[in-house]
Amino acid sequence: QVQLVESGGGLVQAGGSLRLSCTASGLTFNTYSMGWFRQAPGKEREFVAAIRWGDGSTKYGDSVKDRGTISRDNAKNTVYLQMISLKPEDTAIYYCAAARLADTLARAGRYDYWGQGTQVTVSS
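Everything quoted here is computed from the prediction, not taken from an experiment.

Draft legend 1. Representation of the state of the cysteines in the model. Scanning the model with the defined rule gives 1 disulfide in all. Covalently, C22 is tied to C96 through a disulfide, its sulfur atoms 1.9 Å apart. On the sign convention where negative is left-handed, the bridge of C22 and C96, at about 45 degrees about the S-S bond, is right-handed. With a gap of 74 residues between them, C22 in strand β3 (residues 18-25) and C96 in strand β9 (residues 92-99) connect regions that are remote in the sequence. Here C22 falls in the buried class, since its relative accessible area comes to 0%.

Have a look at this one:
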């Protein structure tokens with residue numbers, strides 16, 4: 001049984017910051033790459049950030065470049081997404097995901113497991 005549970009979402013004002021967390025269970029966490037995606041109403045799921053297993057290298061989507069930082073704590077089986085300078089356009093449900101692979105992580109189809117999502121709402 002594999003579970004990914006996101007937390008840390010909520011309502012923030014434009015220009016503010018937040019940190020999302022995702023805790024995994026039922027898998028060998030340090031052998032999985034981890035990613036964050038988001039989905040706004042009526043839109044496709046969008047890549048936000050990813051961090052590889054092994055070397056821990058990171059990758060970011062254009063929508064959050066220079067405003068987001070992904071990190072992981074393997075001892076806690078947790079991946080984080082820190083976002084700053086939030087905009088109303090960042091409003092979405094944010095999902096974490098786990099992938100056995102370490103390449104092409106901007107594609108949602110590369111991931112094996114998904115969390116239930118956490119709502120982020122940015123007010124103007």
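Draft legend 2. Region of interest: the environment of C96. A relative accessible area of 0% places C96 in the buried class. The residues touching C96, leaving out its near neighbours within four places in the chain, are L4, E6, C22, G35, W36, Y113, W114 and G115.

Draft legend 3. Molecular detail of the sheet that holds β3. Reading across the sheet, the 4 strands line up as β1-β3-β8-β7 and stay open at both edges, with antiparallel pairing between neighbours. Each edge of the open sheet carries a strand with a single partner, namely β1 (3-7) and β7 (68-73). Adjacent strand axes in the sheet meet at a mean angle of 15 degrees when their direction is disregarded. The pairing of β3 with strand β8 (residues 78-83) spans 6 bridges and is antiparallel. Of the residues in β8, the one forming a bridge with L18 is M83.

Reading guide: rules and limits
Note on numbering: residues in each chain are counted from 1, in written sequence order. For a predicted model such as this one, the threshold for reporting local features is a pLDDT of at least 70, and the threshold for listing and counting side-chain atom pairs is 80 or more; totals across whole chains, interfaces and linings nevertheless cover every residue. Side-chain measures here rest on the full set of heavy atoms in the structure, leaving out hydrogens and waters. Two cysteine sulfurs form a disulfide in these notes if their separation is within 2.5 Å. Going along the chain from the N terminus, every DSSP run of H or I of four or more residues is numbered as a helix, and every run of E of two or more is numbered as a strand. Burial classes follow relative accessibility: with a 1.4 Å probe on protein chains only, a residue under 20% of its type's maximum area counts as buried, one over 50% as exposed, and anything between as partly exposed. Here, residues are in contact when the closest pair of their heavy atoms is within 4.5 Å. Two strands are counted as paired when DSSP detects at least two bridges linking them. To define axes, lines are fitted to C-alpha atoms, for helices over the stretch in contact only, and angles between the resulting N-to-C directions are given on a 0 to 180 degree scale.

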